Amino acid sequence: MSFDYLDDLFGKFRKKKTKFSEVEKRAASLLSEYASGAIQKDDFGDQMEQVDIDFLKLTTDEDGTIVFSQDTPLWLNLFLGNKFRRWNQIRKVINKSRNDPNVTSTPEWGKALQVMSAEDKNLMEAVEYCLNEIGK
C-alpha cells in the first residue's frame, strides 16, 4: 500500500469527489469569505466550528476510531487542529467575558485582548496560507 497521499496536504493529486468534498468546499469558502472581510469573526467562528464537527464525524468510523485515508483533506485537519480550535476557544471566552465588569476591569483583561489579537493574526496567516495552497 502506498502512503504517498500523506505528502499531499492540500489534495493536489485528489481527482475524484470523496465523502469530504462538501465539507472541504465549505471550509475553503469560509476561509475565502473571512479573508476578504465578507464574513465577520463570530459568524466565521460559528460556521467553521460546524465544519469542524462535520469533519470529525466523517473521520470517525463506526467504532469511534478516527481514520485517515487518501481521501482525508490533511490541510483541513491541520488547520482545524493547529489554528482554528485554539482561536475559537479564545474567541468564545473573550465574547463571554466582554459584558462582565468584574473581568473587564482587571489588568488581566488587557492581556487577554492582546492574546486574542495575537491569535487573530496567527489565524489569518494560516487562512491566507491555506487559500494560497488550495488556489482560492
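Structure first, text after, so check above.
Participant: Where do I start with the nonpolar core in this structure?
Facilitator: Soluble globular proteins: nonpolar side chains tend toward being buried together. Within the largest apolar cluster, 26 residues are counted, with the highest numbers of intra-cluster contacts made by L31, F44, M48, L76 and F79. Elements with a contribution of two residues or more to this core: α1 (21–36), α2 (41–59), α3 (74–97) and α5 (107–134). If sequence neighbours within four positions are ignored, M48 has contacts with A27, L30, L31, F79, L80 and F84.

Participant: What's the story with the pattern of salt bridges in this structure? I'm lost.
Facilitator: Should their charged atoms come close, side chains of opposite charge can pair. Under the criterion given, the structure shown has nine salt bridges. Two residues, K41 and D120, come together in a salt bridge whose shortest N-O distance is 2.8 Å. Of this pair, K41 sits in helix α2 while D120 sits in helix α5, and the two are 79 residues apart along the sequence. Of the residues examined, K41 reaches a relative accessible area of 24% and is grouped as partly exposed. We note a salt bridge from E49 to K92, for which the minimum N-O separation is 2.6 Å. Here E49, found in helix α2, pairs with K92, found in helix α3; they are 43 residues apart in sequence, far enough to count as distant. Judged by its relative accessible area of 25%, E49 falls in the partly exposed class. Taken together, the salt bridges that share partners define one network made up of E22, R26 and D54.

About the thresholds
- Residues numbered from 1 in each chain as written.
- Predicted model: local features only at pLDDT ≥ 70, side-chain atom pairs only at ≥ 80, totals over all residues.
- Heavy atoms only, no water.
- Core = buried A, V, L, I, M, F, W, Y, C linked by side-chain atoms within 4.5 Å.
- Buried < 20%, exposed > 50% of the residue type's maximum accessible area, 1.4 Å probe, protein only.
- Helix = DSSP H or I, 4+ residues; strand = E, 2+ residues; numbered from the N terminus.
- Contact = heavy atoms within 4.5 Å.
- Salt bridge = Lys/Arg side-chain N within 4 Å of Asp/Glu carboxyl O.

By themselves, these observations are geometric and do not establish any function.
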